[in-house]
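# Overview (structure and organization)
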Amino acid sequence: MSVKVIDRTQPNSYITALLRYKNSGMLLDLGAGHGRHAVFFAEHGFEVTAVDPDSAFCSEITDKALAKQLKIDVIQSDIASFPIDKKYDAIVSAMVLHFLEYQEVLDAIEKMKELTSKDGLNVISAYTNQNVADFMKDNPHGREAYLLKPGELKDLYEGWEILEYSEDWTEPGVINEGDVPQSYHKVNMIARKTETLS
């Protein structure tokens, strides 16, 4: 039986699912990394701002945008330092929250909410505490700090309209041929800011 090879350069289908609810507007990619989602949404007509604390990632996203003739506003910043000076129609956070400590996670989510315009979307994919200890020990970008508990992300979005929500194990896969197949427990959510919260 063939094992799925995970291509981390391709957009996460849980994140791109926001196209079911919105197909244009100002989009903020927090913790943009290599820029897979920033590039994807810019190609689909969004006005994209990509934020990452790593200067190498910011340069990589800038180079990709130039190569594809896309306009992406790239800002080197962590979530805590990112200014609240405009509102966004969609904010995505893909596999970022686990690098933060508990209070930083709470602060990041509150900032995402505050940065979201009326009827705007927050789209989050994150690891949960159902994963085994040290599951990120070989990750070149860092180790896990805090992992969300079952139901915790939904609770943090009380008052928002939860459009999609799942907590499940991924299909076993490998990053490189010959690796031992791994499965990870993730929470995926798309939530809409309701008019009463604006």
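Above this text sits the structure in question.
The text that follows walks through the structure, step by step, so that each part is easy to find. Since we're looking at a predicted model, the values are computed, not measured.

### Quick look at the environment of His98
Among the structural elements, His98 can be located in the loop between strand S5 (88–94) and helix H4 (102–114). Considering only alpha carbons, one finds His98 and Tyr146, 48 residues apart in sequence, at a separation of 5.3 Å.

### Some details on the environment of Pro150
Checked against the element boundaries, Pro150 lands in the loop between strand S6 (116–127) and helix H5 (152–156). Leave out the neighbours within four places in its chain, and Pro150 touches Asn129, Gln130 and Glu167.

### Side note on the sheet that holds S6
The pairing of strands in a sheet comes from backbone hydrogen bonds and takes either a parallel or an antiparallel form. Read from one edge to the other, the open sheet built from seven strands follows the order S4-S3-S2-S5-S6-S9-S7, with strand pairing classed as mixed. Taken across any chain shown, the strands that pair with only one partner, and hence form the sheet edges, are strand S4 (72–76) and strand S7 (161–169). Each strand of the sheet is rotated relative to its neighbour by a mean of 10°, with strand direction disregarded. The sheet strands contacting helix H3 (residues 55–67) are strand S3 (47–52) and S4, and the helix crosses S4 at an angle near 170°. The strands touched by H4 within the sheet are strand S2 (26–30), S5 and S6, with S6 carrying the most contacts at an inclination of about 150°.

### Things to note about the pattern of salt bridges
All chains considered together, the criterion is met by five salt bridges. Between Lys64 and Glu60 there is a salt bridge, and its shortest N-O distance comes to 3.1 Å. With Lys64 and Glu60 both in helix H3 and four residues apart, this pair spans about one turn of that helix. Put simply, Arg192 and Glu161 hold a salt bridge, and the shortest N to O gap is 3.2 Å. In this pair, Arg192 sits in strand S9 (residues 185–192) while Glu161 sits in strand S7, placing the two residues 31 residues apart along the sequence. Assessed through its relative accessible area of 36%, Glu161 is described here as partly exposed.

The rules behind each value
Per chain, residue numbering runs from 1 following the sequence as it is written. Totals for whole chains, interfaces and linings use all residues, but because this is a predicted model, local features are given only for residues with pLDDT of at least 70 and pairs of side-chain atoms are given and counted only at 80 or more. Working from all heavy atoms in the structure, the side-chain values ignore hydrogens and water. Secondary structure elements follow DSSP: runs of H or I of four or more residues count as helices, runs of E of two or more count as strands, with numbering from the N terminus. It only takes one pair of heavy atoms within 4.5 Å for two residues to be counted as in contact. Strand pairing is assigned whenever DSSP identifies at least 2 bridges connecting the two strands. Fitted lines through C-alpha atoms serve as axes, helices being fitted only where they are in contact, and the angles separating the N-to-C directions of these axes extend from 0 to 180 degrees. Note on definitions: salt bridges are taken to be side-chain nitrogens of Lys or Arg within 4 Å of carboxyl oxygens of Asp or Glu. The buried label goes to any residue with under 20% of its type's maximum accessible area, the exposed label to any with over 50%, and the partly exposed label to all in between, with areas taken from a 1.4 Å probe on protein chains only.

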